[in-house]
Amino acid sequence: MELTDELKRVYTETAGILKGSDRRIFMAKVTLTLGLGGQSCAETELGFNRCTVRKGLHELQSGIHCCDNFSAR
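Quick look at the structure, then. (Residues numbered from 1 in each chain as written. Predicted model: local features only at pLDDT ≥ 70, side-chain atom pairs only at ≥ 80, totals over all residues. Heavy atoms only, no water.)

**A short note on the overall build of the protein**
Item 1. Counting its secondary structure elements, the protein contains four helices and zero strands.
Item 2. Reading the protein from its N terminus to its C terminus gives the helix and strand order α-α-α-α.
Item 3. For the protein, the C-alpha radius of gyration of 12 Å lies close to 11 Å, the compact-globule estimate for 73 residues.
Item 4. In terms of overall dimensions, the protein has C-alpha extents of about 40 × 25 × 15 Å along its principal axes.
Item 5. Each of the 73 residues in the protein was classed as buried or not, and the buried ones make up 27%.
Item 6. Across the protein, the fraction of contacts at a sequence separation of at least 24, relative to all contacts at a separation of at least 6, is 53%.
Item 7. Surface exposure of the protein reaches about 4900 Å², of which carbon and sulfur atoms provide 55%.
Item 8. Looking at charge distribution, the protein has the averaged site of its 10 positive side-chain charges lying 7 Å from that of its 9 negative ones. (Helix = DSSP H or I, 4+ residues; strand = E, 2+ residues; numbered from the N terminus. Rg over C-alpha atoms; globule rule 2.2 N^0.38 Å. Buried < 20%, exposed > 50% of the residue type's maximum accessible area, 1.4 Å probe, protein only. Contact = heavy atoms within 4.5 Å. Areas by Shrake-Rupley, 256 points an atom, 1.4 Å probe, with all protein chains shown as cover. Lys, Arg positive; Asp, Glu negative; His and termini not counted. Charge placed at Lys NZ, Arg CZ, Asp CG, Glu CD.)

**Focus on the pattern of salt bridges**
Item 1. All told, the structure shown has six salt bridges when counted by the stated rule.
Item 2. The closest approach of N and O atoms between Glu6 and Arg9, which form a salt bridge, is 2.5 Å. Taken as a pair, Glu6 and Arg9 lie in helix α1 (residues 5-17) at a separation of three residues, close to a single helical turn.
Item 3. Judged by its relative accessible area of 37%, Arg9 is partly exposed.
Item 4. Where salt bridges share partners, they join Glu6, Arg9 and Glu13 into one cluster. (Salt bridge = Lys/Arg side-chain N within 4 Å of Asp/Glu carboxyl O.)

**Some thoughts on the packing of α1 against helix α2 (residues 20-34)**
Item 1. Relative orientation of the contacting elements α1 and α2 amounts to 160°, with a least axis distance of 9 Å. Classified by the angle their axes make, α1 and α2 are roughly antiparallel. Both α1 and α2 take part in a crossing whose hand is left-handed. Of the residues in α2, those in contact with Tyr11, Thr14 and Ala15 of α1 are Arg23, Phe26, Met27 and Val30. (Axes fitted to C-alpha atoms, helices over the stretch in contact; angles between N-to-C directions. Parallel < 35°, antiparallel > 145°, perpendicular 65-115°, else oblique. Left-handed = near helix turned anticlockwise from the far one by under 90°.)

What follows is the structure in C-alpha coordinates.
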(Lines give C-alpha, C1' and ligand atoms only; values in the text may rest on other atoms or scores of the structure.)
Protein backbone atom coordinates (compact mmCIF):
# COMPACT_ATOMS: atom_id res chain seq x y z
CA MET A 1 0.00 0.00 0.00
CA GLU A 2 1.32 3.43 -0.96
CA LEU A 3 1.30 5.98 1.84
CA THR A 4 0.60 9.46 0.56
CA ASP A 5 1.62 12.54 2.52
CA GLU A 6 -2.03 13.15 3.40
CA LEU A 7 -2.45 9.62 4.82
CA LYS A 8 0.77 9.95 6.81
CA ARG A 9 -0.46 13.22 8.29
CA VAL A 10 -3.88 11.80 9.20
CA TYR A 11 -2.40 8.65 10.78
CA THR A 12 0.19 10.51 12.86
CA GLU A 13 -2.30 13.19 14.00
CA THR A 14 -4.87 10.57 15.00
CA ALA A 15 -2.27 8.53 16.87
CA GLY A 16 -1.24 11.71 18.68
CA ILE A 17 -4.79 12.45 19.80
CA LEU A 18 -5.62 8.98 21.10
CA LYS A 19 -4.31 7.68 24.42
CA GLY A 20 -3.53 4.30 25.95
CA SER A 21 -5.10 1.16 24.59
CA ASP A 22 -7.12 3.04 21.96
CA ARG A 23 -3.92 4.46 20.51
CA ARG A 24 -2.18 1.08 20.44
CA ILE A 25 -5.14 -0.61 18.76
CA PHE A 26 -5.36 2.17 16.17
CA MET A 27 -1.65 1.80 15.43
CA ALA A 28 -2.05 -1.99 15.13
CA LYS A 29 -4.96 -1.64 12.69
CA VAL A 30 -2.99 0.80 10.55
CA THR A 31 -0.05 -1.61 10.56
CA LEU A 32 -2.29 -4.49 9.49
CA THR A 33 -3.66 -2.48 6.56
CA LEU A 34 -0.11 -1.87 5.36
CA GLY A 35 0.27 -5.60 4.75
CA LEU A 36 3.52 -7.57 4.69
CA GLY A 37 6.31 -5.53 6.25
CA GLY A 38 3.79 -3.20 7.82
CA GLN A 39 5.60 -2.86 11.14
CA SER A 40 8.82 -1.66 9.57
CA CYS A 41 6.91 0.63 7.20
CA ALA A 42 4.92 2.10 10.09
CA GLU A 43 8.13 2.63 12.02
CA THR A 44 10.01 4.40 9.23
CA GLU A 45 7.18 6.25 7.49
CA LEU A 46 4.88 7.10 10.42
CA GLY A 47 7.24 7.10 13.39
CA PHE A 48 5.30 4.37 15.22
CA ASN A 49 7.27 2.45 17.85
CA ARG A 50 7.46 -1.27 17.01
CA CYS A 51 7.02 -2.32 20.64
CA THR A 52 3.87 -0.20 20.92
CA VAL A 53 2.51 -1.65 17.68
CA ARG A 54 3.31 -5.19 18.83
CA LYS A 55 1.51 -4.58 22.13
CA GLY A 56 -1.48 -3.22 20.20
CA LEU A 57 -1.50 -6.29 17.96
CA HIS A 58 -1.60 -8.53 21.03
CA GLU A 59 -4.47 -6.48 22.46
CA LEU A 60 -6.33 -6.63 19.16
CA GLN A 61 -5.92 -10.39 18.75
CA SER A 62 -6.64 -11.36 22.36
CA GLY A 63 -9.37 -8.82 23.07
CA ILE A 64 -7.74 -8.08 26.42
CA HIS A 65 -6.66 -4.48 26.95
CA CYS A 66 -3.49 -3.83 28.94
CA CYS A 67 -3.81 -1.40 31.82
CA ASP A 68 -1.39 1.50 31.81
CA ASN A 69 0.24 2.14 35.16
CA PHE A 70 0.67 5.90 34.93
CA SER A 71 0.49 6.36 38.70
CA ALA A 72 3.70 4.37 39.14
CA ARG A 73 5.72 6.86 37.08
